Amino acid sequence: MIAGPFEPKIVAFCCHYCAYSSADLAGSTRIQYPPNVRIIRTPCTGRLETEYFMKAFEKGADGVLVAGCLEGGCHFIEGNLCAKRRVNYVREMLAEIGLEKERLRMVNVSAAMARPLADNIIDMVDTIRKLGPSPLGKASPSRKRETVA
Amino acid sequence: MIVAQRKTIPEIMEIVKRHDKILVLGCGTCVTVCLAGGEREVIIIASALRMASRIAGHPLRVEELTIERQCDNVFIEKAAEAIGRNDAVLSLGCGAGVQAIAERYPEKPVYAGLDTAFIGVLEERGVWAEKCAACGSCVLSQYGGICPITRCAKRLLNGPCGGSREDRCEVRADRQCAWQLIYQRLRGIGQVDRLREIVPPRNWSSNLDGGYRMILREDHRI
């Protein structure tokens, strides 16, 4: 079997009120983004606990993207600001563990920002591609490319 | 409550590097409340150790358990099986918890995963402050409930020192002057006259003398 190019596996935690909707909008307006992201809908990024990020990396995710509402625009007032602080904490912890902190990133979009969300995903995939596979991932770098409508 | 904070992952890795199987043992009391060694922190630190050890090429098997209280034999018993299954214990309890576990299991290496810091309170979300030095001879009644031994940088009993600026300590400008607080508090409760009493030098034998302290209560002994 010939090993294909490295295709990052990225877990994207998307807030129901913004990023998840904008991903939906990207789909309905035919805006393309790489199929490397596995989107998990969350009620608010403020619901994301430190251990969720840790588990994602432990299970072999090459990167984790947290997509929340624009600052000041959180449906629950300040959930996205809590998430920002938590993401920063985990980024420092990743460095302690020996992983690049760039593997975890938070972005802010509104429900109407399908293009910026796609651009953020493209940029994240690019960053992870440059960093290479997570040392915690499965041994085989070959991962079949999927298609997204 | 006792307030602690976690050691860094490289520090912990260095501590446990001679073992293959460790138990990360949390405590459900003080360190849970100060978000340093409770059930959630056990999950986070165990996960971090698993990842760090895999990256370092020496994968650790890490088991997770949290008991109600590590400083109490009744609860320590509940960890017996898990402790038996592992090569060593990384305790996320305070210093008392770590030592209680170590005393109970003499053949098992027990390590501290936290740095125990002080007896304090939660001031606001994510901010803890020291309030008590456990000096063994409480003077709070003289000072309106504000401890000069803990909260005055110079531990003055006949303050203030004269160096404070507004209500800020001259030693650390981000801290409040304890004597300012004492004065305000005593004025608020109508007891400023207490400050006219000159307090003699303190007898530190209740704290820094004669080894570790013990309390014996004959009425409770069997």
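Bear in mind that the values here come from a model prediction, so they are computed numbers and not experimental data.

Asks: I would appreciate a short explanation of the overall build of chain A in the present structure.
Replies: Assigned secondary structure in chain A consists of four helices and four strands. Within chain A, contacts between residues at least 6 apart in sequence are counted, and of these 82% link residues at least 24 apart.

Asks: I keep staring at the overall build of chain B and nothing clicks. Help me out?
Replies: Broken down by element type, chain B carries eight helices and seven strands. Computed over the C-alpha atoms, the radius of gyration of chain B is 22 Å, more than 25% above the 17 Å expected from 2.2 N^0.38 for a compact globule of 222 residues. Each principal axis of the C-alpha atoms in chain B carries an extent, and together these give about 65 × 45 × 25 Å. By residue count, 32% of the 222 residues in chain B fall in the buried class. Put simply, 56% of the contacts in chain B that link residues at least 6 apart link residues at least 24 apart.

Asks: Would you mind showing me how to read the domain arrangement of chain B here?
Replies: Interface size is often expressed as the accessible area that is lost when the parts come together. Domain boundaries assigned for chain B yield domain 1 (2-118) and domain 2 (134-206). If you average the C-alpha positions of domain 1 of chain B and of domain 2 of chain B, the two centres end up 38 Å apart.

Asks: What is the right way to look at the nonpolar core in this model?
Replies: As a rule of thumb, nonpolar side chains are buried together in soluble globular proteins. Ranked by size, the top nonpolar core spans 86 residues in total, and within it A:I10, A:V64, A:A67, A:L117, B:V24, B:A48 and B:L49 carry the most contacts. Looking at this core, the element that brings in the most residues is helix α3 (residues 39-55) of chain B, giving eight residues. Setting aside residues up to four positions removed in sequence, A:I10 forms contacts with A:N36, A:V37, A:A61, A:D62, A:G63, A:V64, A:L65, A:M124, A:V125 and A:I128. Formed by ten residues, the second largest nonpolar core is a distinct cluster that contains B:Y143, B:I146, B:C177 and B:I182.

Asks: Help me understand the interface of chain A and chain B, please; the structure alone is not making it clear to me.
Replies: Between chain A and chain B, the contact holds twelve residues from the first and 14 residues from the second. Breaking the side of chain A that touches chain B down by element, the ones donating at least two residues are α2 (50-58) and α3 (79-97) of chain A. For the side of chain A that touches chain B, the residue count by class is six nonpolar, two polar and four charged.

Asks: I would appreciate a short explanation of unusual backbone geometry in the present structure.
Replies: Most peptide bonds take the trans form, and the phi angle of most residues other than glycine is negative. At the junction of B:G159 and B:P160, the peptide bond is cis and its omega measures out at 0° in the coordinates. Structurally, the position occupied by B:P160 is in the loop between α7 (148-151) and α8 (178-188).

Asks: Explain the confidence of the model for chain B here, please?
Replies: Keep in mind that low pLDDT regions are not for reading the predicted coordinates in detail. For chain B, per-residue confidence averages 96 on the pLDDT scale, and residues scoring 70 or more make up 100% of the total. With pTM at 0.91, the complex prediction returns an ipTM value of 0.88.

Asks: I'm lost on helix α1 (residues 19-28) of chain A in this one. Help?
Replies: Note that an α-helix has 3.6 residues per turn; residues three or four places apart therefore point the same way. All of the buried residues in α1(A) are A:A19, A:Y20, A:S21, A:S22, A:A23 and A:A26. At the C-terminal side of α1(A), A:R30 shows a positive phi close to 60°.

Asks: Sorry, what's going on with the sheet that holds strand β1 (residues 2-6) of chain B here?
Replies: All names here are of chain B. Reading across the sheet, the three strands line up as β1-β6-β7 and stay open at both edges, with antiparallel pairing between neighbours. Two strands bound the open sheet, and with one partner strand each, they are β1 and β7 (127-132). Recorded for the sheet is a direction-independent mean angle of 70° between the axes of neighbouring strands. Bridging between β1 and strand β6 (residues 114-124) involves five bridges; their strand directions are antiparallel. Along β6, the bridge assignment pairs Q5 with D115.

Asks: What should I look at first to understand α2(A) in this one?
Replies: Here α2(A) has its buried residues at A:F53, A:M54, A:A56 and A:F57. Summarising the axial view, the buried residues of α2(A) lie within an arc of 160°, below the 170-degree limit, and thus occupy one face. Each element contacted by the buried residues of α2(A) is listed here: β1 (10-15), β3 (63-68), α3 and β4 (104-108) of chain A together with α3 of chain B. Positive phi shows up at A:G60, right after α2(A), with a value of about 110°.

Asks: Can you help me understand the sheet that holds strand β5 (residues 110-112) of chain B in this one?
Replies: Backbone hydrogen bonds hold the strands of a sheet together, and the pairing may be parallel or antiparallel. All names here are of chain B. Pairing within the open sheet is parallel, and its four strands lie in the order β3-β2-β4-β5. Taken across any chain shown, the strands that pair with only one partner, and hence form the sheet edges, are β3 (61-67) and β5. Sheet twist, expressed as the average angle between the axes of neighbouring strands with direction ignored, equals 25°. Relative to β5, strand β4 (residues 88-91) runs parallel, the two sharing three bridges. In the sheet register, S91 faces β5, and the bridge partner there is A112. Lying over the sheet, α3 contacts β2 (21-27) and β3, oriented at roughly 170° with respect to β3.

Cut-off values and rules
Residues numbered from 1 in each chain as written. Chains lettered and ligands numbered in written order. Predicted model: local features only at pLDDT ≥ 70, side-chain atom pairs only at ≥ 80, totals over all residues. Helix = DSSP H or I, 4+ residues; strand = E, 2+ residues; numbered from the N terminus. Contact = placed C-beta atoms within 7 Å. Rg over C-alpha atoms; globule rule 2.2 N^0.38 Å. Buried ≥ 20, exposed ≤ 12 C-beta atoms within 10 Å, placed from the backbone. Domains from an automatic or database assignment. Core = buried A, V, L, I, M, F, W, Y, C linked by C-beta atoms within 7 Å. Nonpolar A, V, L, I, M, F, W, Y, C, P; charged D, E, K, R; others polar. pLDDT = per-residue confidence, 0-100. Pairing = 2+ DSSP bridges. Axes fitted to C-alpha atoms, helices over the stretch in contact; angles between N-to-C directions. Arc of directions from axis to C-beta.

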